[in-house]
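Summary of structural features
Below are the chains, spelled out letter by letter.
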Amino acid sequence: MTTDELIWRISGGSGDGIASTSQNFAKALMRSGLHVFTHRHYPSRIRGGHTYTEIRASADEVKSRGDGYNFLLALGDSFARNPSEGAVYGNEEIKPLSENLDELREGGVIVYDEGLLDASEIPDFEERAEENDWHVYPLDLRGLAREQGREVMRNTAGVGATCALTGMDLDHVQDLMRDAMPEKILEPNLEILQTAYDQVREEYDVDAHDVSVPTGEHDEEQLLMSGSDAISYGAIDEGCRFIAGYPMTPWTEVFTIMTKNLPELGGISEQVEDEIAAAALAVGASHAGVKAMSGSSGGGFALMSEPLGLAEMTETPVVLVEAMRAGPSTGMPTKPEQSDLEHVLYTSQGDSQRVVLAPGTVAEAYEQSRLAFRLAYEYQIPTILLYDQKLGGELVNVPKSHFDREPNPTLGKTLSEDLLAEQPHSEDGKFHRFQHEAEDGVSPRSVPGQKGGRYLATGNEHDPTGHIAESPDNRVAQIDRRTQKLEAIRADLDTESTQAYHGPDEATYGIMTFGSQQGTVEEAVDRLNEAGHSVKSLGVSDMLPFPTDEVAAFIESVDEVLVVEMTASGQFRGLVQKNLGRYGEQLSSLLKYNGNPFEPGEVVDGFERVVVDGDAEIPGNETTFVPAAGD
């Protein structure tokens, strides 16, 4: 049997419990000693429409989704619309089986619910199964569930069948069910799990295929977390006690997690009428002396441009999160893309100042969520945490010890009343909140209600007390001081790099990326080196201020760099060239923007075709190559 990895895909319809079933199974695999990584694909519908979740499980560390998969559990779509082939969306009832065949590996396993799915409706299904050596197991999972009185338990039956066919012991699944399920539904689910397991082992030769669950053991306790979890818990640990927002996929997950946890910590969560109000409330809460955040996705974040500019002008610290999705406008709300990069860097008014961080992994999402708050409050500047649907929704195991850190509730350069008394004030008693001369550009602040802390906070350009002022000398002094913060932040960040290096230091070629594609690129680098190429990678997290020296050193150390990103216009490569234009001839792009993230094999293939072989085009419509400037 193949024991190196299991890549299990469960498919069905939105509302069929695909996400919860896969999350529980992933946790069971993790508890059995394996490393896991999940990938979600779902439509922008509440109920119905083809959806699937993939779990990649291995005894070794897993950084990315795999190339294809080797086990399909197709449950059918309980909420499918018009099932006729002539319907706008085709026959949705059969899609959980029919639309998951192209990526199934040779020798793979198919378990499908013949209570809902009829494989004979798929042209050439039997021929394809024979040609690819697929092992097909039709089971009446719905019938088994109905015998227990609840059709939804066909998911549990499917997990039981999976365990039987892959040699996985039921103990970890049963223990998880006992932890998660109320007594009322626990016993029926345990019974159907065992029944399906026994039935498969009695009726089929479970050793006829080569797909199995690997065996492994963790060195320390693991947690199964998403990027949304990590961002939320990082914010909480850094002292955030206020959030305002309006639901919008995929940012809603962070908003929901924070809303669930903040009241227990004495914090406040407010769902408001729109994103303008959400960002404005967060700015107001921070002005009042609370660590605050807000966020959105795509068009919702566009509405935050005005409050973002206000925070920049009033130097009010605040953290905003932007969960990218495929745009423009509504675009594809549930599909990942990285094309909001330029929007987040430049939205707002005039010469604005902000920090933008883009974590590449779940572990980094926690670290950089905390870093975002530290930078925002130490330097009194809005900080944006930029991620996408992929990082926000994927689940991966992270050592529990990674989160064993001290909380940080401090508000940065916020003065006590005793220290305020020593600060400059105008004749009418107003505090000089916006002093022209301030170390690192950071002028100390007060919070409302403090004796001697009174000043004006306005979106207009202002003098040191906050009064509107339009003199050229004041304007230059204030902009230069606010801009000085970015230089200080860059120096701060350079003390301990947040970029991710991978591969041999003396490699001939480089691959560069940002955000959620980091793990995929790192796996591709490992494969390329195993194949005899000399390659290393750099995952960049600091979007603004940009790590110019680090990136320049990386580019100078290699002959050529392939920039991998999920945009159609090469926005990240454009950012690199904006800061380091002299290296334009060394940079080419591998792009993907079809709504699916890269697979490691696509990066490997793209590198070998365009860098090694010099091909100008990549066949198919999955990825796109853009040559270096001047080619």
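Since this is a predicted model, take the numbers as computed values, not measurements.

1. Overview of helix 6 (residues 171-180)
For helix 6, the full list of buried residues reads V173, Q174, L176 and M177. Axial view of helix 6: buried residues confined to an arc of 160°, hence all on one face. Considering only its buried residues, helix 6 is in contact with helix 1 (18-31), helix 5 (154-166) and helix 7 (183-203).

2. Some details on the packing of helix 5 against helix 7
Contact geometry of helix 5 with helix 7 gives a least axis separation of 7 Å together with a crossing angle of 40°. Relative to helix 7, helix 5 is oriented oblique. The chirality of how helix 5 crosses helix 7 is right-handed. Facing T156, A157, V159, G160, A161, C163, A164 and L165 of helix 5, the residues of helix 7 in contact are N189, I192, L193, A196, Y197, V200 and R201. Looking at the contact of helix 5 with helix 7 residue by residue, the class counts come to eleven nonpolar, three polar and one charged.

3. Thoughts on the nonpolar core
In this structure, M293, M512, M543 and F572 are the most contacted members of the largest nonpolar core, which totals 86 residues. It is helix 14 (residues 362-379) that provides the largest number of residues to this core, a total of ten residues. When residues no more than four places from it in sequence are discounted, the contact partners of M543 are L341, L345, V356, A358, F514, F572 and L575. Formed by 47 residues, the second largest nonpolar core is a distinct cluster that contains V36, L170, V173 and L193.

4. Thoughts on the pattern of salt bridges
Considering all chains together, one arrives at 37 salt bridges under this definition. Residue K485 is joined to E315 by a salt bridge in which the shortest nitrogen-to-oxygen separation is 2.7 Å. Placement of K485 in helix 17 (residues 472-493) and of E315 in the loop between helix 12 (305-314) and strand 11 (318-324) is noted, with a sequence separation of 170 residues between them. Residue K485 is classed as buried on the basis of its relative accessible area, which comes to 2%. The buried category is assigned to E315, whose relative accessible area is 1%. We note a salt bridge from R490 to D494, for which the minimum N-O separation is 3.0 Å. For D494, a relative accessible area of 43% translates into the label partly exposed.

5. Quick word on the sheet that holds strand 9 (residues 268-271)
Taken together, the seven strands give an open sheet; going across it, the order is 9-8-10-11-13-12-18, and neighbouring strands pair in mixed fashion. What marks the edges here is a single partner per strand, and that holds for strand 9 and strand 18 (542-544). Along the sheet, successive strands turn relative to each other by an average axial angle of 20°, direction set aside. The pairing of strand 10 (residues 292-296) with strand 11 spans four bridges and is classified as parallel. Bridge pairing links S294 to L320 in strand 11.

Cut-offs and rules
- Residues numbered from 1 in each chain as written.
- Predicted model: local features only at pLDDT ≥ 70, side-chain atom pairs only at ≥ 80, totals over all residues.
- Heavy atoms only, no water.
- Buried < 20%, exposed > 50% of the residue type's maximum accessible area, 1.4 Å probe, protein only.
- Helix = DSSP H or I, 4+ residues; strand = E, 2+ residues; numbered from the N terminus.
- Arc of directions from axis to C-beta.
- Contact = heavy atoms within 4.5 Å.
- Axes fitted to C-alpha atoms, helices over the stretch in contact; angles between N-to-C directions.
- Parallel < 35°, antiparallel > 145°, perpendicular 65-115°, else oblique.
- Left-handed = near helix turned anticlockwise from the far one by under 90°.
- Nonpolar A, V, L, I, M, F, W, Y, C, P; charged D, E, K, R; others polar.
- Core = buried A, V, L, I, M, F, W, Y, C linked by side-chain atoms within 4.5 Å.
- Salt bridge = Lys/Arg side-chain N within 4 Å of Asp/Glu carboxyl O.
- Pairing = 2+ DSSP bridges.

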